[in-house]
Amino acid sequence: MSDLKSEATDHVLNELRVFTPSQEVVDNANITAYMHSKGYTDFHEFHKWSVENRFEFWDDMANELHWFKKWENTFEWTQKPFFRWFTEGKFNIVYNCLDRHMGTPVENKVAYYWEGDNGDTRTITYKDLYQQVNRFAAGLQKLGVKKGDRVGIYLPAVPEQAVALLAVARLGAVHSVVFAGFAAHALRDRCVDAEAKIIITADGNYRGGKLVDLKKTADEAAAEVPTLEHVVVYQRLGTEVPMKEGRDIWWHDLVADIPEDVVVPCEEMDSEDMLYILYTSGSTGKPKGVVHVHGGYAVGVYATMKFTFDIKPEDVFWCTADAGWVTGHSYLLYGPLMTGATSVYFEGIPTYPNPDRFWEVCAKYKVSIFYTAPTAIRSLMRFGEEWPQKHDLSSLRLLGSVGEPINPEAWMWYRDVIGRHELPIMDTWWQTETGAHMITPNVTLPLKPGSATWPFPTIEADVVDKDGSSVGHEKGGFLVIRHPWPSQMRTIFRDAARYETYWNTIADVYFAGDAVHRDNDGYFWIQGRVDDVIKVSGHRLGSMEIESSLVSHPAVAEAAAIGKPDPMKGEHVKVFVILKNGYEASPEMEKELKLHVRSNVGPVAVPDELEFVPSLPKTRSGKIMRRVIRAKELGEPIGDTSTLDN
Ligand code: WTA
């Protein structure tokens, strides 16, 4: 395999394969039915209609959900770039995930087949989930949680993770989920920024057979969150953990005296009220708290479940993402639940105990729609076809990909080996900030390996130069979106100025920060980030976070982190380190610094390469020029060095 960068260029020239869907798939697609209702059979013509009639499209989608009170205006620019969707509507996403299904056939349907890291299983119906969410919401109320409060969630992928998010949102409080693989200071910074009142965690968990000491990490963080009142601890392992008197409470004790059939009514939220904050790394510094709201987010996620995944009542849907990432928020939790789907909820990792874990679980639950990341596909390809071939994957009907560009080689393997040489792959381009799919196939579109194809209905995506002019077809440029959409983030928590940069980097359009080109058929080919974010195995790491953790080591004067193309992980981290006087560059020092990053930022950020250097290229104002370092490292032209100091 060659690296991602050259593949992005390679497939521009060479990737000519096109796979057209069968007529049967097209005829039965949800999108076909909707297109027919508007008088269209051709997706591209329909897309044009949807851009011109975007409010009609989104009204139709919103009308399929439950509103306590219907909205007045579909869309309002308040003060550009701030906007509102479904104004004056009263809504709660959790009502649409749970309450709405009670008393219907969905009530007794399986919501989640949970599969634990060690092979434990639990089957949870919609009714079970409804009861558990109500009961836990009543528990949180006892701790004083109310509308608007922020709750940090630091849990492994157990069903209680879903229960926690849904209970918080049911009360109108705001969840801020932190991936349970993050180190203490990452949890602390996020909880401090969100002013969290509660952290929900577990005693510990196993991941890939390895013990994770969650409570210990949570305690380290909790000690430094001034607004924190309580830590709720779910007992996952039953190990002995310290419980701080007056602050910590076991989940099971909290709900012990609450009747199992308690009902805590959903808080009737304004459409534009905050649902969650999810922190994502920026290129320039501290993580940004992306804010999503109840109404528009729900409508966007619901519509993409319906049209991208073509979800049907009999499907078994499996999104392998953890709820610590936006993909888990939208397509493990809210999307499947709003559509009344049955999902798999997976605690493990793809390679434990063997590299057929995914395929074993697919066969076991007769998964029909499987959604994962290119990095997982690439790592499983390495183990060979014999692993998937051991399992009956005939229940699959649709495959999905998200998180980074999928190279054509991995795409073909996915289709051929997992998809029986015939299944369509929905390569969905979107972001934490967009809330839901933005550029994505649907099952009626011809597919090209490595292309995310076409924008979702109503989405006006374009490829532009730095002045915002369209570059046309067959040219690379910046990916922008020309009009707000419902599931778009509303702001960056307590940092509106940072939010505004999305809309003023290029005047009046949403700047995605990705490089892209569009081919002559109008298909989009995403080429990766334009900024310095390093993407390791589907995780977005700000170079700043890695650098500041290195600099916090007593021996380090300065550091710069860059991403280098990596056939397995997408990118891996290389760091350049300037040692302080009196410290010696040595293999021991290298090892120590890597360990330091591991404990500070987490294992995913550990540099694969570390080089000791005497100086770093900088701008006159003192900023490290990572672009220059990267170009030098990869033997590429260095480009504009007018601001370079040394
Ligand atoms: C990248 C994940 C190519 C892209 C949902 C984007 C992709 C960033 C794709 C967002 C895709 C995501 N093809 N690139 N199908 N999906 N990306 O916020 O660079 O974790 O801007 O959201 O991932 O990452 P995030």
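How each quantity is defined
- Residues numbered from 1 in each chain as written.
- Predicted model: local features only at pLDDT ≥ 70, side-chain atom pairs only at ≥ 80, totals over all residues.
- Heavy atoms only, no water.
- Buried < 20%, exposed > 50% of the residue type's maximum accessible area, 1.4 Å probe, protein only.
- Helix = DSSP H or I, 4+ residues; strand = E, 2+ residues; numbered from the N terminus.
- Pairing = 2+ DSSP bridges.
- Axes fitted to C-alpha atoms, helices over the stretch in contact; angles between N-to-C directions.
- Left-handed = near helix turned anticlockwise from the far one by under 90°.
- Contact = heavy atoms within 4.5 Å.
- Nonpolar A, V, L, I, M, F, W, Y, C, P; charged D, E, K, R; others polar.
- UniProt positions renumbered as here; feature names shortened; annotations may be inferred.
- Polar contact = N/O pair within 3.5 Å; in protein donor to acceptor, adjacent residues only side chain to side chain.
- pLDDT = per-residue confidence, 0-100.
- Domains from an automatic or database assignment.
- Buried area = accessible area lost by both parts, 1.4 Å probe.
- Salt bridge = Lys/Arg side-chain N within 4 Å of Asp/Glu carboxyl O.
- Phe/Tyr/Trp six-rings, centres within 6.5 Å; stacked < 30°, edge-to-face > 60°.
- Lys NZ or Arg CZ within 6 Å of the ring centre and 35° of its normal.

Participant: Would you explain the pairing of strand E14 (residues 274–280) in this entry?
Facilitator: Moving residue by residue along a regular strand, the side chains alternate between the two faces of the sheet. Of all seven residues that make up E14, six are buried, and the element is covered over most of its length. Looking at chain direction, strand E7 (residues 174–177) and E14 are connected through two bridges and run parallel. Bridge pairing in E14 places serine 176 opposite isoleucine 277. Here six bridges tie E14 to strand E15 (residues 288–293), and the two strands are oriented antiparallel to one another. Residue pairing for E15: tyrosine 276 is matched across the bridge by histidine 292.

Participant: Help me out: how do you make sense of the packing of helix H3 (residues 30–37) against helix H4 (residues 43–52) in this one?
Facilitator: Angle between the axes and distance between the axes: these two values describe a pair of packed helices. Relative to each other, H3 and H4 sit at 65°, their axes nearing to 11 Å. Along this stretch, H3 crosses H4, giving a crossing that reads as left-handed. On H4, the residues touching Ile31, Tyr34 and Met35 of H3 are Phe43, Phe46 and Trp49. Partitioning the contact of H3 with H4 into residue classes produces six nonpolar, no polar and no charged.

Participant: What am I meant to see in the UniProt feature "domain: Acetyl-coenzyme A synthetase N-terminal" (unreviewed entry) in the protein here?
Facilitator: The UniProt record marks residues 44–97 with the feature "domain: Acetyl-coenzyme A synthetase N-terminal" (unreviewed entry), using the residue numbering of this structure. The span residues 44–97 carries 44% helix and 15% strand; its end-to-end C-alpha distance comes to 32 Å.

Participant: When you look at the side chain of aspartate 248 in this model, what are you seeing that I'm missing?
Facilitator: Relative to the helices and strands, aspartate 248 resides in strand E12 (residues 248–250). At a separation of 2.8 Å, a polar atom in the side chain of aspartate 248 contacts the side chain of lysine 215. In this structure the side chain of aspartate 248 is engaged in a polar contact, spanning 2.6 Å, whose partner is the side chain of arginine 247. Residues contacting aspartate 248, with those up to four places away along its chain left out, are Lys215, Asp219, Val231, Pro242 and Met243.

Participant: It is not clear to me how the pairing of strand E24 (residues 510–518) should be interpreted in this structure. Could you clarify?
Facilitator: Among the nine residues of E24, nine are classified as buried, and the element is accordingly described as predominantly covered. Bridge analysis of strand E22 (residues 476–481) against E24 gives five bridges, and the strand direction is antiparallel. The residue bridging isoleucine 481 from the neighbouring strand is tyrosine 510, located in E24.

Participant: How should I be thinking about the confidence of the model for the protein in this particular structure?
Facilitator: Any residue range with low pLDDT should be treated as having predicted coordinates unsuitable for detailed reading. Taken as a whole, the protein shows an average pLDDT of 91; of its residues, 94% reach a score of 70 or greater. Contacts of residues 1–14 to residues separated by more than four positions or lying in other chains number 26 contacts, the stretch itself having pLDDT below 50.

Participant: Mind showing me how you'd approach the domain arrangement of the protein here?
Facilitator: When the parts come together, some accessible area is lost, and that loss is often what is quoted as the size of the interface. What the domain assignment lists for the protein is domain 1 (95–267) and domain 2 (533–634). Centre-to-centre separation of domain 1 and domain 2, based on C-alpha positions: 34 Å. Residue-level contacts link six residues of domain 1 with seven residues of domain 2. Between domain 1 and domain 2, roughly 440 Å² of surface is buried when both sides are summed, and carbon and sulfur atoms account for 52% of that area. Together, Phe182, Ala183 and His185 form the three largest contributors to the area buried by domain 1 at its contact with domain 2, with a combined 65%. Remark: the boundary between domain 1 and domain 2 carries zero salt bridges. Here domain 1 is connected to domain 2 by zero residue pairs in polar contact (both at pLDDT 80 or more).

Participant: Got a minute to help me understand the packing of aromatic side chains in this structure?
Facilitator: In this description, an aromatic ring pair is defined by two values, namely the gap between the centres and the angle between the planes. A complete count under the given rule lists 54 aromatic pairs for this structure. Both rings, one in phenylalanine 46 and one in tryptophan 49, keep their centres 5.7 Å apart while their planes meet at 20°; by these two values the pair is stacked. Of this pair, phenylalanine 46 and tryptophan 49 both sit in helix H4, three residues apart, which is roughly one turn of that helix. Of the residues examined, phenylalanine 46 reaches a relative accessible area of 0% and is grouped as buried. With relative accessibility at 11%, the residue tryptophan 49 sits in the buried group. For the pair tyrosine 331 and tryptophan 430, a centre-to-centre distance of 5.2 Å together with 90° between the ring planes defines the contact as edge-to-face. Separated by 99 residues along the polypeptide, tyrosine 331 in helix H13 (residues 326–338) and tryptophan 430 in the loop between strand E20 (425–428) and strand E21 (461–464) bring together distant segments of the chain. Grouping residues by exposure puts tyrosine 331 and tryptophan 430 together as buried. We note lysine 70 situated over the ring of tryptophan 71; from NZ or CZ to the ring centre the distance is 4.5 Å. Its guanidinium or amino end placed over the ring of tryptophan 77, lysine 80 lies 4.6 Å from that ring's centre, counting from NZ or CZ.

Participant: Hey, could you run me through the sheet that holds E15 in this one?
Facilitator: Paired through backbone hydrogen bonds, the strands of a sheet run either parallel or antiparallel to each other. With mixed pairing, eight strands are arranged side by side in an open sheet as E12-E11-E8-E6-E7-E14-E15-E23. Every interior strand has two partners, whereas the edge strands, E12 and strand E23 (491–492), have only one. Here three bridges tie strand E11 (residues 230–234) to E12, and the two strands are oriented parallel to one another. Paired with valine 232 across the bridge in E12 is isoleucine 249. Across the sheet, helix H10 (residues 214–222) is in contact with strand E6 (150–154), strand E8 (198–202), E11 and E12; its angle to E8 comes to roughly 160°. The strands touched by H13 within the sheet are E7 and E14, with E14 carrying the most contacts at an inclination of about 140°.

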